[in-house]
Amino acid sequence: MDELDLETRLATQEVPVHTTRLDTATPVDDQRAAIRGQVIDAYIGITTADFCLADTATLVMKSRPDQARAVSLVPSIHVAVVRLDQLLADLKELYALLRWDNTQWKAGLTHHMVMISGPSKTADIELVMVHGAHGPRAVHVVVITGR
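Now for a look at the structure at hand.

Cut-off values and rules
Residues numbered from 1 in each chain as written. Predicted model: local features only at pLDDT ≥ 70, side-chain atom pairs only at ≥ 80, totals over all residues. Heavy atoms only, no water. Helix = DSSP H or I, 4+ residues; strand = E, 2+ residues; numbered from the N terminus. Buried < 20%, exposed > 50% of the residue type's maximum accessible area, 1.4 Å probe, protein only. Polar contact = N/O pair within 3.5 Å; in protein donor to acceptor, adjacent residues only side chain to side chain. Salt bridge = Lys/Arg side-chain N within 4 Å of Asp/Glu carboxyl O. Pairing = 2+ DSSP bridges. Contact = heavy atoms within 4.5 Å. Axes fitted to C-alpha atoms, helices over the stretch in contact; angles between N-to-C directions. Core = buried A, V, L, I, M, F, W, Y, C linked by side-chain atoms within 4.5 Å.

**Describing the environment of Arg 9**
Part 1 of the reasoning: Positionally, Arg 9 belongs in helix α1 (residues 6–11).
Part 2 of the reasoning: Classification of Arg 9 as exposed rests on a relative accessible area of 57%.
Part 3 of the reasoning: In this structure the C-alpha to C-alpha distance between Arg 9 and Thr 58, which are 49 residues apart in sequence, comes to 28 Å.
Part 4 of the reasoning: Within polar-contact distance, the side chain of Arg 9 engages the backbone oxygen of Leu 4 at 2.6 Å.

In structure tokens, the structure reads:
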């Protein structure tokens, strides 16, 4: 995300950009409360993903300490940015990579992953389809193919 430099690019359009990066000067609880408020107020959440499964366009996001995954769930629109080398064919390739790729083991396996396969929708109340009931109403994936 740092490479995109969204703060500079969007400054001329007066679009506020908030990050979930924690600093050492402010108490962690205060920072988390501020980030939570910014995420709740945001209309668009922009994240990275660890992988994207090509057959279903499913985003795979590993959980990590101090990484606010609410950015992908709370705002009405979720935009995920992935690099071309993060595209995998399917779930089989993901599981093989997690099991056999030494670089994945060096990074450490997380206790869970979030898999996002599209916008939130449900029809559990009177069989009426509702978008955005439990997450974003729209999900967009941007694939960066070069520098």
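Now that the structure has been shown, the text picks up again.
**Things to note about the pattern of salt bridges**
Part 1 of the reasoning: Per the stated rule, a full pass over the model turns up one salt bridge.
Part 2 of the reasoning: The shortest N-O distance in the salt bridge between Asp 85 and Arg 83 comes to 3.2 Å.
Part 3 of the reasoning: On the accessibility criterion, Asp 85 (58% relative accessible area) is exposed.

**Description of the sheet that holds strand β2 (residues 51–53)**
Part 1 of the reasoning: The four strands lie next to each other as β5-β2-β3-β6, forming an open sheet whose pairing is mixed. Edge positions in the sheet fall to β5 (87–88) and β6 (113–116), since each has one partner strand and no second.
Part 2 of the reasoning: Most of the contacts of helix α3 (residues 91–100) go to β2, to which it runs at about 145°, and overall it touches β2, β3 (58–62), β5 and β6.

**Quick look at the nonpolar core**
Part 1 of the reasoning: The biggest cluster of nonpolar side chains holds seven residues, and these are Ala 49, Cys 52, Leu 59, Met 61, Ala 80, Val 82 and Ile 116.
Part 2 of the reasoning: Every element with two or more residues in this core is listed here: β3 and β4 (77–83).
Part 3 of the reasoning: Not counting residues within four places of it along the chain, the set of residues in contact with Ala 80 comprises Thr 47, Leu 59, His 140, Val 141 and Val 142.
Part 4 of the reasoning: Ranked by size, the runner-up nonpolar core spans six residues in total, among them Phe 51, Val 60, Leu 88 and Leu 94.

**A word on the sheet that holds strand β1 (residues 44–48)**
Part 1 of the reasoning: Strand order in the open sheet formed by three strands is β1-β4-β9, and the pairing between neighbours is parallel. Looking at the sheet topology across the chains shown, the edges are occupied by β1 and β9 (138–144). Sheet twist, expressed as the average angle between the axes of neighbouring strands with direction ignored, equals 20°.
Part 2 of the reasoning: Relative to β4, β1 runs parallel, the two being bridged by five bridges. Among the inter-strand pairings, Gly 45 is bridged to a residue of β4, identified as His 78.

Purely geometric stuff here, so don't read any function into it on its own.
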